[in-house]
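Here is what each chain is made of, one letter per residue.
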Amino acid sequence: MSPKKKHRPQRTCIACREVKDKQALLRIVRTSEQRIVVDETGKAQGRGAYLCKQVACWQKALDRGIIGRALKAPLTDQDAEALRQYASEIL
Ligand SMILES: [Zn+2]
């Protein structure tokens with residue numbers, strides 16, 4: 001008999017495609033104003049996508065336009081810059 005396991009939600013990083021615990025990933029979200037921002041609560045309304053807490057994944061996602069494709073919205077230069085800034089500060 002295995003002890004009751006707590007279900008851990010898993011998500012896929014849009015850059016490296018690895019499936020990980022949600023806690024190991026950061027969520028980005030497309031807001032109702034069509035901005036693309038980091039969702040620090042993980043609960044913001046809107047279409048979301050997940051990235052590893054690794055600079056390499058953020059760079060890949062930003063450099064190859066993966067974020068805009070995943071969220072089906074154009075990533076503006078301003079939002080891209082904010083995401084780069086975020087990644088460089090916390091990752
Ligand atoms: Zn990744």
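Just so we're clear, the structure is a prediction, and the values are computed from it rather than from any experiment.

Caption draft 1: Spatial organisation of the coordination of the zinc ion. Around the zinc ion, the protein contributes the donor atoms Cys13 (SG), Cys16 (SG), Cys52 (SG) and Cys57 (SG), at 2.2 to 2.3 Å from the metal centre. Considering all 4 donor atoms around the zinc ion, the spread of angles at the metal, 104 to 116°, places the coordination shape in the tetrahedral class. Expressed as a motif, the donor residue spacing for the zinc ion is C-x2-C-x35-C-x4-C. Highlighted residues: Cys13 in the loop between strand 1 (10–12) and strand 2 (19–21) and Cys57 in helix 1 (residues 55–63), separated in sequence by 44 residues. Taking the relative accessible area as the measure of exposure, Cys57 reaches 5% and is therefore buried.

Caption draft 2: Structural detail: the confidence of the model for the protein chain. In this model, the protein chain carries a mean pLDDT of 93, and residues with pLDDT of at least 70 account for 95%. Summarising per-element confidence for the protein chain, the mean pLDDT is lowest in helix 3 (residues 77–90) (94) and highest in helix 2 (residues 66–71) (98).

Caption draft 3: Representation of the nonpolar core in the model. With 24 residues, the main nonpolar core has Cys13, Ile14, Ile28, Leu51, Trp58, Ile67 and Leu83 as its most contacted residues. Elements with a contribution of two residues or more to this core: strand 3 (25–30), strand 4 (36–39), strand 5 (48–52), helix 1, helix 2 and helix 3.

Caption draft 4: Spatial organisation of the pattern of salt bridges. If you walk through the whole model with that rule in mind, you get 5 salt bridges. Notably, a salt bridge pairs Asp21 with Arg8, separated by 2.1 Å at the nearest N-O pair. Separated by 13 residues along the polypeptide, Asp21 in strand 2 and Arg8 in the segment before strand 1 bring together distant segments of the chain. Its relative accessible area of 52% is what places Arg8 among the exposed residues. One salt bridge connects Lys20 with Glu18, and the closest N-O pair in it is separated by 4.0 Å. Of the residues examined, Lys20 reaches a relative accessible area of 18% and is grouped as buried. The partly exposed category is assigned to Glu18, whose relative accessible area is 43%.

Criteria and thresholds
Residues numbered from 1 in each chain as written. Predicted model: local features only at pLDDT ≥ 70, side-chain atom pairs only at ≥ 80, totals over all residues. Heavy atoms only, no water. Donors = N, O, S within 2.8 Å, 3.2 Å for Na, K, Ca; no water. Tetrahedral: all angles 85-135°; square planar, octahedral: opposite > 155°, others 65-115°. Helix = DSSP H or I, 4+ residues; strand = E, 2+ residues; numbered from the N terminus. Buried < 20%, exposed > 50% of the residue type's maximum accessible area, 1.4 Å probe, protein only. pLDDT = per-residue confidence, 0-100. Core = buried A, V, L, I, M, F, W, Y, C linked by side-chain atoms within 4.5 Å. Salt bridge = Lys/Arg side-chain N within 4 Å of Asp/Glu carboxyl O.

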